[in-house]
Amino acid sequence: MTITKVERAVEPCVESGYYGYYVHFSAPVDEDFVQALNPLGGLLFLKDLPKPFYLLRGSRFVLRGQTGDAFSKLGVEVNDPEILEAIQKLLTEL
Amino acid sequence: VFFTSGATEAMNLVVRGLTLRRVVVTAAEHNAVLRPLAAMLPDSVIELVPCDESGYVNRKAMKEALVPGIDALLMNHCSNVTGAVQDVRFAAELAHRAGALFIVDAAQSAGVVPIDMERDDVDVLVFTGHKALFGPAGIGGFALREHVELEPVKFGGTGSEGDSVRPAAKRLFEVGTQNAPGIAGLVAGLRFVLETGVETIGRHVAALAGELSGALRALPGVKVYAAPENASSGGAVSFNVSGLDPADLGYILRHSYDMELRTGFQCAPLLMKGLGLDKGVVRASVSYLTPREDVLALIEAVKSIVGGTQG
């Protein structure tokens, strides 16, 4: 799976202390991808929802999304391009 | 009535234009009130009246806080978090007995809860156009009773005494080019409200909000912060689902159910702190124009999410 696009979220989540982005993938996220996130932080995976929801709390970032969607919402604590790039690299290497 | 860009600008003009040395506020206040005060006064002279989890002020604490020497009581007429409508006349009596001005933030209530500045003894009323008055964003204002000595804090052209840089007229609070499209939009909204009737709108909103809060309260693992089902409501109903952060719940509602609800602190940090909510809430807002089907769909969505988180 590759990242096709990263765009600033219209709603930046600044109130919660994060800067929001939408990360678009080349294919819909599936359960294997979600399970592969596990080493990157604390993973919550709610499989029994109509669209299973995942939340990954990493070091200085949060990633949330649903399986079946080809995007995730990424929140980074500091609006630093280097941190954003590092997280993208982590996701691409999964 | 003086027009501004909204309740926040109105509150800034009011707070900065009065001589305030010591004030009382409630924990339900919006940042539109709290931040202008905090920018001007130290915390030590801002007395805080706590609220319960439905957003109602503690009447005993309010009574104790309003003593001679307090310059003003600033109170949210209706909570933008819980929809709870405060007892304005009770607060007015306490404020005036202490010799304080009574300043009401009616941003959430104007158009959905009847208010009469003379009957309710309100000295200053601040409102926004974009909520229950059905105006566009970017218009609001404040209304003053005659005895309130408010000084202007913005200066400029007013369309009067154009030959003088020191105009003699008082109460020149509307300076510069006014937001005529915003005012026209607000007028259209006000006509709709008056033709429909504030009481009719209020009953409808309270019934919808009551149905929503009652159904959510009945769900296991759902904590609701709202006015009681049979009480007046400005239409806000906040809640959390056990095991999910408000941001997660908002994400699921948005991307699985196509529902847009605000998540987080709702610009009411003291209420959140008082309730021990370090990540805030998810807030639904209903209005006179909200179809009942939307309320029922939200109830079903939350029901389905609760089922999915407990599996």
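Residues numbered from 1 in each chain as written. Chains lettered and ligands numbered in written order. Predicted model: local features only at pLDDT ≥ 70, side-chain atom pairs only at ≥ 80, totals over all residues. Heavy atoms only, no water.

### Some words on the overall build of chain B
Heads up, the rule is: In DSSP terms, a helix is any run of H or I states spanning at least four residues, a strand is any run of E spanning at least two, and both are numbered starting from the N terminus. Taken over C-alpha atoms, the radius of gyration is set against a globule rule of 2.2 Å times the number of residues to the power 0.38. Note on exposure labels: buried denotes an accessible area under 20% of the residue type's maximum, exposed denotes more than 50%, and partly exposed covers the range between, all computed with a 1.4 Å probe on protein chains only. We call two residues contacting when some pair of their heavy atoms lies within 4.5 Å. Accessible surface area values rest on a Shrake-Rupley calculation with a 1.4 Å probe, where residue burial reflects the displayed protein chains alone. We treat Lys and Arg as the positive residues and Asp and Glu as the negative residues; His and chain ends play no part in the count. One atom stands in for each charge, and that atom is NZ of Lys, CZ of Arg, CG of Asp or CD of Glu.
The helix and strand inventory of chain B stands at nine helices and eleven strands. Its C-alpha atoms give chain B a radius of gyration of 20 Å, within 12% of the compact-globule value 19 Å for 311 residues. The dimensions of chain B, computed from C-alpha atoms along their principal axes, are 75 × 45 × 30 Å. Classification of the 311 residues of chain B by burial places 54% in the buried group. Relative to all contacts within chain B whose residues are 6 or more apart in sequence, the contacts with residues 24 or more apart total 64%. Of the roughly 13600 Å² of accessible surface on chain B, 52% is carried by carbon and sulfur atoms. Across chain B, the centroid of the 27 positively charged side chains sits 3 Å from that of the 34 negatively charged ones.

### Overview of the pairing of strand S9 (residues 236-241) of chain B
All names here are of chain B. Convention followed: Strand pairing is defined by DSSP finding a minimum of two bridges between the two strands.
Counting buried positions over the six residues of S9 gives six, a clear majority of the element. As paired elements, S9 and strand S11 (residues 281-285) share four bridges and run antiparallel to each other. When the sheet's bridge partners are listed, Val237 is paired in S11 with Ala284.

### A word on the pairing of strand S6 (residues 71-76) of chain A
Side-chain positions along a regular strand alternate between the two faces of the sheet. Residue and element names in this part refer to chain A. Of all six residues that make up S6, six are buried, and the element is covered over most of its length. Side-chain alternation along S6 places Phe71, Lys73 and Gly75 on one buried face and Ser72, Leu74 and Val76 on a second face that is also buried. In terms of strand pairing, strand S2 (residues 19-25) meets S6 through six bridges, oriented antiparallel. Within S6, the residue paired with His24 across the bridge is Phe71. Pairing of strand S5 (residues 61-66) with S6, which is carried by five bridges, proceeds in the antiparallel orientation. Its bridge partner lying in S6, Val62 is registered against Gly75. Taking the residues that link successive antiparallel strands as the turn, the S5-S6 hairpin has four residues, and the phi of Gly68 there is positive, at about 95°.

### Digging into the sheet that holds strand S10 (residues 262-264) of chain B
All names here are of chain B. Condition: Axis definition: a line fitted to C-alpha atoms, over the contacting stretch in the case of helices. Angles run 0 to 180 degrees between N-to-C directions.
One open sheet accounts for four strands, arranged S8-S9-S11-S10; its pairing is antiparallel. Two strands close off the open sheet at either side, each with one partner strand: strand S8 (222-225) and S10. Averaged over neighbouring strand pairs, the angle between their axes works out to 30° when direction is ignored. Running over the sheet, helix H7 (residues 246-257) touches S9, S10 and S11 and is turned about 45° from S11. Of the strands in this sheet, S8, S9 and S11 touch helix H9 (residues 292-310), which is tilted by about 15° from S9.

### Considerations on helix H5 (residues 180-196) of chain B
All names here are of chain B. Rules: In a helix, the anticipated span is given by 1.5 Å times the number of residues less one. In this description, the arc belongs to the directions extending from the helix axis to the C-beta atoms.
With 17 residues, H5 extends 24 Å between its outermost C-alpha atoms, agreeing within 8% with the 24 Å of an ideal straight helix rising 1.5 Å per residue. Those residues of H5 not exposed but buried are Gly182, Ile183, Leu186, Gly189, Val193 and Thr196. Around the axis of H5, the buried residues are gathered within 145° of arc, so they sit on the same side. Facing away from the buried side of H5, by more than 90 degrees, are the exposed residues Pro181, Arg191, Leu194 and Glu195. The secondary structure elements touched by the buried residues of H5 are strand S1 (2-4), strand S6 (124-128) and helix H6 (198-217). Gly197 sits one or two positions beyond H5 and adopts a positive phi of about 100°.

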